[in-house]
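# Inside the fold
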Amino acid sequence: MSENNSVNGNATDTVISSPFLKTLVQQIRANDSYGFYKNWSDELILKPFVVTKQKKKEISTEGEVDPATISRINAFFRAIASSIEKETGLLSNVVIELGHEGFGWALVFSGRLLLTVKTLRDAHRFGFESLEKLNEEGEKFVEKGIELAKRFPEAGNL
């Protein structure tokens, strides 16, 4: 790592230019009640979301899902909800139902409207190949959620 705690040379550009990744970092910092991440760079905060294929193979799916992984899953979907809320003005919330085997659901909803639904499998191995893939996946969920919110605004306001 470099002097400024960045993960790699071009990660800074990705985080600076990505509204979704900025929102994800905000969500993590907002839930940092003890100031653990206070002096960390955005790239360093996002580093645990990057899980290569090789690293995924090394992660066991036996036993309970690690609390840090559950926290990352929550932050990811809260960032999606927050991004949709910023764009549409509809209050959005997240529900994550995750069994001890690592299977479950992540739902982002507003009123009676489901904005995003994601089946979680092997949650033990939650992560993305790169920051770019993380951003791409998050933006895809946000775009679909905004599209649904605009198509059915009355359901989102119930």
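As the structure is a computational prediction, the values presented were derived from the model and not from experiment.

For the structure on display, the rule yields two salt bridges. Between R29 and D42 there is a salt bridge whose closest N-O contact spans 2.9 Å. Separated by 13 residues along the polypeptide, R29 in helix 2 (residues 19-30) and D42 in helix 3 (residues 42-46) bring together distant segments of the chain. According to the relative accessible area criterion, R29 is partly exposed, its value standing at 29%. Under the relative-accessibility criterion, D42 is labelled partly exposed at 26%.

The topology assignment puts S110 in strand 2 (residues 104-110). Within the local environment of S110, its side chain forms a polar contact with the backbone oxygen of L91, the two atoms lying 2.9 Å apart. Not counting residues up to four positions away in its chain, the partners in contact with S110 are L90, L91, S92, L115, A155 and G156.

Glancing now at the layout of surface pockets. Roughly 320 Å³ of internal volume is contained in the largest pocket. Every residue lining the largest pocket is counted, 17 residues in all, and those nearest its centre are I28, Y37, A68, S71 and R72. Going through the elements one at a time, helix 2 and helix 5 (67-88) are the ones with two or more residues in the lining of the largest pocket. Per-element accounting of the lining of the largest pocket gives the leading share, five residues, to helix 5. Counted by class, the lining of the largest pocket contains 10 nonpolar, four polar and three charged residues. In this structure, the second largest pocket occupies an estimated 240 Å³ of space. Residue lining of the second largest pocket: 15 residues in total, with K118, L120, R121, F126 and G127 positioned closest to the centre. Contributions of two or more residues to the lining of the second largest pocket are made by helix 5, strand 3 (113-120) and helix 6 (131-151).

This paragraph deals with the nonpolar core. With 34 residues, the main nonpolar core has L24, F49, F76, F77, I80 and L134 as its most contacted residues. Where this core is concerned, the elements lending two or more residues are helix 2, helix 3, helix 5, strand 2, strand 3 and helix 6. When residues in this core are grouped by element, the largest group, eight residues, is from helix 5. Contact partners of F49, with chain neighbours within four places excluded, come to L24, I28, R72, A75, F76, F126, G127, F128 and L134.

Conventions and cut-offs
- Residues numbered from 1 in each chain as written.
- Predicted model: local features only at pLDDT ≥ 70, side-chain atom pairs only at ≥ 80, totals over all residues.
- Heavy atoms only, no water.
- Salt bridge = Lys/Arg side-chain N within 4 Å of Asp/Glu carboxyl O.
- Helix = DSSP H or I, 4+ residues; strand = E, 2+ residues; numbered from the N terminus.
- Buried < 20%, exposed > 50% of the residue type's maximum accessible area, 1.4 Å probe, protein only.
- Polar contact = N/O pair within 3.5 Å; in protein donor to acceptor, adjacent residues only side chain to side chain.
- Contact = heavy atoms within 4.5 Å.
- 1 Å grid on protein atoms, 1.4 Å probe; cavity = no way out; pocket = protein on both sides within 12 Å on 5 of 7 lines; lining within 4 Å.
- Points joined across faces, edges and corners; volume = space filled by probe spheres on them.
- Nonpolar A, V, L, I, M, F, W, Y, C, P; charged D, E, K, R; others polar.
- Core = buried A, V, L, I, M, F, W, Y, C linked by side-chain atoms within 4.5 Å.

The quantities given are spatial measurements derived from coordinates; they are silent on function.
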